[in-house]
Amino acid sequence: MVYLKVKYIIFAVGQWLLVQKSEIPRLPLLVCTVGYSILSMTSTPHHQAAPHTEATSNHNSPNPTYDADSAPKDSVVLPAYSTEDKYEDDPWNLPELQDNGLKWSELDTKGKVLRVLTVSVKFILLVGFLYMFVCSLDVLSSAFQLVGGKAAGDIFQDNAVLSNPVAGLVIGVLVTLLVQSSSTSSSIVVSMVSSGLLEVQSAVPVIMGANIGTSVTNTIVAMMQAGDRNEFRRAFAGATVHDFFNWLSVLILLPLEAATGVLYKLTKIIIDSFNIQGGNNAPDLLNVITDPLTDAIIELDKNVISDIATGDPAARNKSLIKIWCKTEKITTLVNITVPSDANCTTGALCWVEGNKTLTQINVTETINLERCNHIFVFANLPDLAVGLILLALSLLILCTCLILIVKLLNSMLKGQVAVVIKKVLNTDFPFPFGWVTGYIAIMVGAGMTFIVQSSSVFTSAITPLVGIGVISLERAYPLTLGSNIGTTTTAILAAMAAPGETLANSLQVALCHFFFNIAGILLWYPIPFTRIPIRLARALGNRTAKYRWFAALYLLLCFLLMPLTILGLSLAGWQVLVGVAVPIVVLAIFIIVVNLMQARCPQYLPSGLRDWDFLPRPLHSMAPWDRVVTSGMAFCGARCCKCCQSTDDEEKGLQERKKSLEIYDNPVLTRDDEPQETSKETMKATQL
């Protein structure tokens, strides 16, 4: 009995180590394997050593059967265990991309030529759709700036609110959500810091919020794959792992920064220690390819938002749509009248002519030389109307391109090509260098983001790849972390090109963004146990795959309702914010702790807290809400279809009545119809 228990324990530990082999050295697994083999060879089952009984005769018969009643009382039947059965239906396993066509060696010359042409055409279409996808993201950002750009500038204008770290955080989230670009919101912050309206220490929480707001784009992209449940599960998890990383980093680093100012002090030391001089602008790599198309659709004057944020009253009446792309500024000296000599500028020429005191000032005049070439340059439409048009157009192109990209990738990634790609992307280095793979993925993500100069573009591009199973969630996580580093590198280079008077502040804000992401990586990546964002994203992916409407609820809660609520509480005062937030945080911590204890050690909980069944079902289950949402959507769909059907019926009835009236008004047809009607009446009279 004892050796069977030991054998079973060794077997179970070995299987667990086998599952965890990517993170645990192989020596314990080898020890368990050897121990299990020795026990299997040296042990003798109890019923074989016993005298010949009915059970043993059945065991030796051609068709042996096991009789539980006749088995010895001290025998133990080990449960059947198969790792293949356990993980066969796991939705997180990457799907096998199999080739159902003929192999290359089985094709004749004509088939090989057709195969090459087909692959070439698909590749060209894939590149074209990717190009349109990236351009649609750029146009989407412009549309959001047209719709909410001035509102974003007004939000930044309230400097008293920005002094509150929590309010600054949610303002960064909301502004980045409105303009769909962390670079734009960061440039507004740099402009405010350079003009003296905002201190660098107050700008750090805003930069953290911008880091959160930029991750909403790939979450929206993931929702386009809601058609297939497992694809949606993986894609939404691959997108929201970025959200969880940002939120968890803020939960740790924002209180630390508010208490100690560690990021501000670290970047201040770096700025003061090095004699940093301005350089060239950040290199335009992807923009060189996409600008010809996007500039033909719309061009924006982004300085208007910065001017509104810095308090320029003239900027409020300006349009964000750029009309003149080539201008020239001419500065001339102009004579003006001042009340007295005391009003003359120091160092400027000042003289008296009769009863007037004159002086000279510099006046800058802007001369428009060349109009822009985009399609809205002659459209006399307000910014809101143009923004809504571009928003609908860009979302349509974005969804269409994403669906076609997924279809093309599914058709192309087959056979040996799929095997090679999946192995290259998802396989770790050999033991003991497997841990290096993730850090190389971080560098790859940083390099690719530096090339495309947008973390939203890069993460939105890998989201469908995670959905179709080309990239695993464990590999997408370090790529996303590298994307965060890449976008801050671009911001640092852009800050290096700032003028001398704003160079130090611009560079310090960019370095705060950089070290925030570095600190987040150190918190949530090096140790496998600390990779909590992966587990949270996996849990959210399972929930959204089961209840797909929960994805829209998640977006509304995390990126709109919760930031707006926190902003409102911050405007009411820090006492109100603390009084409302602290009980909610304590309740959330209590629920998390109880859930963990229910899953791992329920015996330490009171009997009433070992499950949540004592609560009403809507408070601990999504099923009642799912029924409400599903029935509501079905009701709305039925009503809409009924309304559409009734509208179509009414239109058909009107057309038929109109046609009958036209026929009745036609005198020729009236004469032809009269005998028929008369004959019908006479037939009825005859029958009567």
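The structure displayed is predicted, hence computed values, not measured ones.

1. What to know about the overall build of the protein chain
Here comes step 1: Summing up its helical and strand segments, the protein chain has 26 helices and three strands in all.
Here comes step 2: Out of the 688 residues in the protein chain, the part that is buried amounts to 36%.
Here comes step 3: Expressed as a percentage of contacts within the protein chain between residues at least 6 apart in sequence, the contacts between residues at least 24 apart total 74%.
Here comes step 4: Accessible surface, the protein chain: about 39700 Å² in total, of which carbon and sulfur atoms supply 64%.

2. Some words on helix 19 (residues 455-468)
Here comes step 1: Helix length check: helix 19 (14 residues) gives 21 Å between terminal C-alpha atoms against 20 Å at 1.5 Å per residue, within 8%.
Here comes step 2: Counting buried positions over the 14 residues of helix 19 gives 12, a clear majority of the element.
Here comes step 3: Within helix 19, burial applies to S455, S456, V457, F458, T459, S460, I462, T463, P464, V466, G467 and I468.
Here comes step 4: Note on helix 19: the residue one or two positions beyond its end, G469, has a positive phi of about 95 degrees.

3. Quick notes on the environment of V457
Here comes step 1: Note that V457 resides in helix 19.
Here comes step 2: Classification of V457 by relative accessible area gives buried; the value is 10%.
Here comes step 3: Note: C-alpha distance between V457 and C135 (322 residues apart in sequence) is 9.6 Å.
Here comes step 4: Once you skip the residues sitting within four places of it in the chain, V457 turns out to touch V134, L137 and V452.

4. Observations regarding the packing of aromatic side chains
Here comes step 1: Here the structure, examined in full by the defined rule, presents 10 aromatic pairs.
Here comes step 2: Each ring, one from F236 and one from Y554, has its centre 5.8 Å from the other, and the planes form 75 degrees; the classification is edge-to-face. Residue F236 is found in helix 12 (residues 229-260), and its partner Y554 is found in helix 23 (residues 549-572); the two are separated by 318 residues along the sequence. Per residue, the accessibility class of F236 equals that of Y554, and both read buried.

5. Thoughts on the pairing of strand 2 (residues 350-353)
Here comes step 1: Pairing of strand 2 with strand 3 (residues 356-371), which is carried by four bridges, proceeds in the antiparallel orientation. Across the sheet, residue V352 finds its bridge partner in strand 3, namely T357.
Here comes step 2: Linking strand 2 to strand 3, which pair antiparallel, is a turn of two residues; within it G354 sits at a positive phi near 65 degrees.

6. Overview of helix 18 (residues 436-452)
Here comes step 1: The end-to-end C-alpha distance of helix 18, which contains 17 residues, comes to 25 Å, matching closely the 24 Å that a straight helix rising 1.5 Å per residue would cover.
Here comes step 2: For helix 18, the full list of buried residues reads T437, G438, A441, I442, G445, A446, T449 and V452.
Here comes step 3: Taken from the residues just after helix 18, Q453 is the one with a positive phi, measuring 60 degrees.

7. Considering the nonpolar core
For soluble globular proteins, nonpolar side chains are generally found buried alongside one another.
Here comes step 1: Membership of the largest hydrophobic core comes to 54 residues, with the highest contact counts inside it found for M208, Y477 and F559.
Here comes step 2: Among the elements that make up this core, the one with the highest residue count is helix 12 (13 residues).
Here comes step 3: Residues within four places of F559 in sequence aside, it is in contact with L174, L177, I212, S215, V216, D243 and Y554.

8. Examining the packing of helix 12 against helix 13 (residues 262-273)
Here comes step 1: In contact at an axis separation of 6 Å, helix 12 and helix 13 are set at 65 degrees when each is read in the N-to-C sense. Classified by the interaxial angle, the pair formed by helix 12 and helix 13 is roughly perpendicular. Contacts from L256, E257 and T260 of helix 12 reach helix 13 at V262, L263, Y264 and K265.
Here comes step 2: Classifying every residue of the contact of helix 12 with helix 13 gives four nonpolar, one polar and two charged.

9. Describing the confidence of the model for the protein chain
Caution applies to low-pLDDT regions: their predicted coordinates should not be interpreted in detail.
Here comes step 1: Confidence in the prediction for the protein chain averages 75 pLDDT; 73% of positions are at 70 or higher.
Here comes step 2: Low pLDDT, under 50, characterises residues 21-31; the predicted model gives this stretch nine contacts beyond four residues in sequence or across chains.
Here comes step 3: Note on residues 658-688: pLDDT under 50 across the span, and four contacts to partners over four residues away in sequence or across chains.

10. As for the pattern of salt bridges
Here comes step 1: Evaluated as defined, the whole model comprises one salt bridge.
Here comes step 2: One salt bridge connects E474 with R538, and the closest N-O pair in it is separated by 2.2 Å. Here the residue E474 occupies a position in helix 20 (residues 473-496), and R538 occupies one in helix 22 (residues 532-546), the gap between them amounting to 64 residues.
Here comes step 3: Judged by relative accessible area, E474 falls into the partly exposed class, the value being 40%.
Here comes step 4: For R538, a relative accessible area of 22% puts it in the partly exposed group.

11. Description of the state of the cysteines
Here comes step 1: Evaluated as defined, the whole model comprises one disulfide.
Here comes step 2: Sulfur-sulfur distance for the disulfide between C325 and C372 comes to 1.8 Å. As the torsion about the S-S bond is roughly 115 degrees, the C325-C372 disulfide counts as right-handed. Taken together, the residues C325 in strand 1 (residues 324-338) and C372 in the loop between strand 3 and helix 16 (383-412) connect sequence positions 47 residues apart.
Here comes step 3: The buried category is assigned to C372, whose relative accessible area is 4%.
Here comes step 4: This cysteine, C401, is not joined by any disulfide, and C135 carries the nearest cysteine sulfur, 9.1 Å off.

12. Some remarks on the sheet that holds strand 3
Through backbone hydrogen bonds, the strands of a sheet pair up, either in parallel or in antiparallel fashion.
Here comes step 1: Strand order in the open sheet formed by three strands is 1-3-2, with antiparallel pairing between adjacent strands. At either end of the open sheet lies a strand with only one pairing partner, and these are strand 1 and strand 2. Sheet twist, expressed as the average angle between the axes of neighbouring strands with direction ignored, equals 40 degrees.
Here comes step 2: Bridge count for strand 1 against strand 3 is 14 bridges, and the pairing is antiparallel. Each bridged residue has a counterpart across the sheet, and for T337 the counterpart in strand 3 is L358.

13. A closer look at the environment of L130
Here comes step 1: By the element assignment, L130 lies in helix 6 (residues 109-157).
Here comes step 2: When its relative accessible area of 35% is taken as the criterion, L130 is described as partly exposed.

About the criteria used
- Residues numbered from 1 in each chain as written.
- Predicted model: local features only at pLDDT ≥ 70, side-chain atom pairs only at ≥ 80, totals over all residues.
- Heavy atoms only, no water.
- Helix = DSSP H or I, 4+ residues; strand = E, 2+ residues; numbered from the N terminus.
- Buried < 20%, exposed > 50% of the residue type's maximum accessible area, 1.4 Å probe, protein only.
- Contact = heavy atoms within 4.5 Å.
- Areas by Shrake-Rupley, 256 points an atom, 1.4 Å probe, with all protein chains shown as cover.
- Expected span 1.5 Å × (residues − 1).
- Phe/Tyr/Trp six-rings, centres within 6.5 Å; stacked < 30°, edge-to-face > 60°.
- Pairing = 2+ DSSP bridges.
- Core = buried A, V, L, I, M, F, W, Y, C linked by side-chain atoms within 4.5 Å.
- Axes fitted to C-alpha atoms, helices over the stretch in contact; angles between N-to-C directions.
- Parallel < 35°, antiparallel > 145°, perpendicular 65-115°, else oblique.
- Nonpolar A, V, L, I, M, F, W, Y, C, P; charged D, E, K, R; others polar.
- pLDDT = per-residue confidence, 0-100.
- Salt bridge = Lys/Arg side-chain N within 4 Å of Asp/Glu carboxyl O.
- Disulfide = S-S within 2.5 Å.

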